[in-house]
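Chain by chain, the residues run as shown.
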Amino acid sequence: MSGKKGLDLLRSIATVMTKTNGYDRCLQQLVMVSGGDGKCLAEFKVQEEHLNRAGGLHGGFTATIVDVVTTYALMTKENAVPGVSVDIHVSYLKGARQGDEVIIDANTVRAGRNLAFLECELRHKKDNSVIAKASHTKYIGSN
């Protein structure tokens, strides 16, 4: 699934996921930019609710973004299921502050019969510098 069809699917999924009183509503600021064929490109502007006590982008929020946006990328693959997380690894390379615009670039490296391997980068929109690099492994097999 590529192009407009992939982007439409991502926007539909994001709308359903964030229109809740649950945890996923913290992702309401995410804007889907493009997607399809196992990829998802999104962006958001760092808001006060995304900050840690030191005024930087919260690491837990960053990990949540990785979890969700890589899953969105996976969902654009043919016959995809969202699966469940087996492992998420995030390397935090640079900070982000309130008002910063952030790009999230997620990619499906491989989706096999039981496992999917995904990667993600968060970058500053202004200079493309890397905020965080991540890998995410999901179990996607059946019972």
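Going by the structure above, here's the rest.
Note that the coordinates shown come from a computational prediction; the quantities given were computed from them, not determined experimentally. (Residues numbered from 1 in each chain as written. Predicted model: local features only at pLDDT ≥ 70, side-chain atom pairs only at ≥ 80, totals over all residues. Heavy atoms only, no water.)

Trainee: What's the story with the overall build of the protein in this structure? I'm lost.
Mentor: Summing up its helical and strand segments, the protein has two helices and six strands in all. Counting from the amino terminus, the protein carries its helices and strands in the arrangement α-β-β-α-β-β-β-β. The buried share among the 143 residues of the protein stands at 39%. About 7900 Å² of surface is accessible on the protein, with carbon and sulfur atoms providing 49% of the total. (Helix = DSSP H or I, 4+ residues; strand = E, 2+ residues; numbered from the N terminus. Buried < 20%, exposed > 50% of the residue type's maximum accessible area, 1.4 Å probe, protein only. Areas by Shrake-Rupley, 256 points an atom, 1.4 Å probe, with all protein chains shown as cover.)

Trainee: In this structure, what is going on with the nonpolar core? I would like to understand it.
Mentor: The nonpolar side chains of soluble globular proteins are, as a tendency, buried together. Within the largest apolar cluster, 26 residues are counted, with the highest numbers of intra-cluster contacts made by F44, I65, I104 and L122. Looking at this core, the elements with two or more residues in it are β2 (39-45), α2 (59-75), β4 (101-111), β5 (115-124) and β6 (130-139). Considering each element in turn, this core owes the most residues, seven residues, to α2. (Core = buried A, V, L, I, M, F, W, Y, C linked by side-chain atoms within 4.5 Å.)

Trainee: I tried to follow unusual backbone geometry on my own but got confused; where do I start?
Mentor: As a rule of thumb, non-glycine residues mostly have phi less than zero, and peptide bonds are mostly trans rather than cis. Look at N79: it is not a glycine, yet its phi comes out positive at around 60°. For N79, the location among the structural elements is in the loop between α2 and β3 (84-92). Residue classification places N79 among the exposed residues on the basis of a relative accessible area of 71%.

Trainee: Hey, could you run me through the side chain of E121 in this one?
Mentor: In this fold, E121 is placed in strand β5. Within the structure, E121 has its side chain in polar contact with the side chain of R123 (distance 3.2 Å). A polar contact is formed between the side chain of E121 and the side chain of K133, at a distance of 2.7 Å. Discounting chain neighbours no more than four positions away, the residues touching E121 are I103, I104, D105, V130, A132 and K133. (Polar contact = N/O pair within 3.5 Å; in protein donor to acceptor, adjacent residues only side chain to side chain. Contact = heavy atoms within 4.5 Å.)

Trainee: Any chance you could explain the pattern of salt bridges here in plain terms?
Mentor: Side-chain pairs of opposite charge can arise whenever the charged atoms involved come near each other. All told, the structure shown has five salt bridges when counted by the stated rule. Of the charged contacts, one joins R123 and E121 as a salt bridge, the two residues approaching to 3.2 Å between their closest N and O atoms. Its relative accessible area of 13% is what places R123 among the buried residues. (Salt bridge = Lys/Arg side-chain N within 4 Å of Asp/Glu carboxyl O.)

Trainee: Would you take a moment to explain the pairing of β6 for this structure?
Mentor: Within a regular strand, side chains alternate between the sheet's two faces. Sheet topology note: the β3/β6 ladder contains eight bridges and is antiparallel. The residue of β6 that forms the bridge with D87 is T137. Relative to β6, β5 runs antiparallel, the two being bridged by nine bridges. Its bridge partner lying in β6, C120 is registered against A134. Taken together, β5 and the strand that follows it, β6, pair antiparallel across an intervening segment of five residues, in which N128 is found at a positive phi of about 65°. (Pairing = 2+ DSSP bridges.)

Trainee: Teacher, can you tell me more about the environment of D87 here?
Mentor: Along the chain, the position of D87 falls in strand β3. The class of D87 is partly exposed, set by a relative accessible area of 39%. Remark: the alpha-carbon pair of D87 and S135, spanning 48 residues in sequence, is separated by 8.0 Å. If we ignore the near neighbours within four places in the chain, the residues touching D87 are S135, H136 and T137.

None of this, on its own, says anything about what the molecule does.
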